[in-house]
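Single-letter residue listing:
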Amino acid sequence: MTAAAYENFRTEGYALAGHAHDLQRRVRLYQRIYQESGKRLTFALIAAHGTLWASGYFKLGMVGARIAALPWLCMPGMRVRKLATVAAFVDRFRSINRQVCAESYAIFYYTRQHGGSAFIRSVIGDRFTDLLVDCHASCEAGTAYPRHKREQLFHALIEWEQDHIVVPGVEQAFASFDWPLIAWLARRPVIRFAYFGKHDRLRFHDFARKEERLGAGLQACRLAEELGLQAVEDALGRPDSTATQAVGNFGKLGSLWDGWAKSVL
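To start, this report covers the structure provided alongside it.

What counts and how
Positions within a chain are numbered from 1, following the residues in the order the chain's sequence is written. At least 70 in pLDDT is required for a residue's local features to be given in this predicted model, at least 80 for side-chain atom pairs to be given and counted, and no such filter applies to totals for whole chains, interfaces and linings, which use all residues. In computing side-chain values, all of the structure's heavy atoms are included and hydrogens and water are not. Aromatic pairing here means that ring centres of Phe, Tyr or Trp (its six-membered ring) are within 6.5 Å. Orientation follows from the plane angle: under 30 degrees is stacked, over 60 is edge-to-face, and everything else is tilted. We count a stretch as a helix when DSSP gives it H or I for four or more residues in a row; a strand needs E for two or more, and each element gets its number in order from the N terminus. Consider the ring centre and the ring normal. A charge sits over the ring if Lys NZ or Arg CZ is within 6 Å of that centre and within 35 degrees of that normal. Within this document, salt bridges are pairs made up of a side-chain nitrogen of Lys or Arg and a carboxyl oxygen of Asp or Glu, the two lying within 4 Å of each other. Categorising residues by exposure relies on relative accessible area from a 1.4 Å probe, with only protein chains included: less than 20% of the type maximum marks a residue as buried, more than 50% marks it as exposed, and the intermediate range marks it as partly exposed. What a helix should span is 1.5 Å times the count of its residues minus one. Residue contacts are defined here by distance: any two heavy atoms, one from each residue, within 4.5 Å place the two residues in contact.

## Let's talk about the packing of aromatic side chains
- Going through the model one piece at a time under the given rule, you end up with 18 aromatic pairs.
- Note on Tyr6 and Tyr110: the rings are 5.7 Å apart at their centroids and 90° apart in plane angle, and the pair reads as edge-to-face. Of this pair, Tyr6 sits in helix H1 (residues 3-17) while Tyr110 sits in helix H4 (residues 76-114); the two residues are 104 residues apart in sequence, bridging distant segments of the chain.
- The ring of Phe174 has Arg187 sitting right over it, with the charged end atom 4.3 Å from the ring centre.
- We note Arg213 situated over the ring of Phe207; from NZ or CZ to the ring centre the distance is 5.8 Å.

## Let's talk about the pattern of salt bridges
- Counting across every chain of the model gives 17 salt bridges.
- The partner of Glu7 in a salt bridge is Arg10, and the shortest N-O contact between them spans 3.0 Å. Pair noted here: Glu7 and Arg10 are both in helix H1, with a separation of 3 residues, about one helical turn.
- A residue is classified by how much of its surface remains accessible, and Glu7, at 37% relative accessible area, is partly exposed.
- Residue classification places Arg10 among the partly exposed residues on the basis of a relative accessible area of 21%.
- Here Glu212 ties to Arg209 by a salt bridge, and the two come within 3.5 Å at their closest N and O atoms.
- On the basis of relative accessible area, Arg209 is assigned to the partly exposed category, the value being 38%.
- Taken together, the salt bridges that share partners define one network made up of Glu7, Arg10 and Glu103.

## What to know about helix H9 (residues 210-227)
- Taking 1.5 Å as the rise per residue, H9 with 18 residues should run 26 Å; its terminal C-alpha atoms sit 26 Å apart, in good agreement.
- When H9 is considered as a whole, its buried residues turn out to be Glu212, Arg213, Leu214, Ala216, Gly217, Ala220, Cys221, Leu223, Ala224 and Glu225.
- Buried residues along H9 sit against helix H3 (42-68), helix H7 (147-175), strand S2 (202-203) and helix H10 (229-235).
- Phi turns positive one or two residues past the end of H9, at Gly228, with a value near 115°.

Here it is as structure tokens:
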């Protein structure tokens, strides 16, 4: 099949993924993809949880930025500029989230309809294509699709989206951001998805490093499989206190602010 067919799916994917701020819409789209994969494409399920968590984290990030900008209260122009740079920085990550969702949609539905064509192999490679074709065949036939196959497909998709979307997007976001305090915090999120156990966390020393993001993704996948995918899916339907989950390193920001305040007041 031709590139035109793939572009049609990409156009549809971006339309369904909404604008950069439509994270809840993308949670629902990921849920749809997961369901239509016969609950085989666990990347979509875990990405839904990641998007849900991010919706709270991004909002809390802006709250943290406003706290960090308090020293510039007497310089309103400077404070506005600082907050604008953070808003642009956060929007870059929202855009990355949108891209991953839309491109995942296009790849999934193109291969479901057109199989492992020479064209799609030129886009995503042979191994990833073969894994998707096998997933669709299993869904169509209603055959078992065991954990090791789900994990192989998860790994192939996360590797592809990291290399083609996330790595360049994250590098550009940090390269264009000039506020060392907020950049330091952004590199060290502590992530807890809704299905995680009491002591489960994804901790980063440097979120900008691909290896850490891949490791965290694989850990999230392992925790999901160990808990049971139905429980992970059910967790998306619970009222989710994303603001509480997202606190992470913004507690550190409060401590930094307290230290600054004591030194100057």
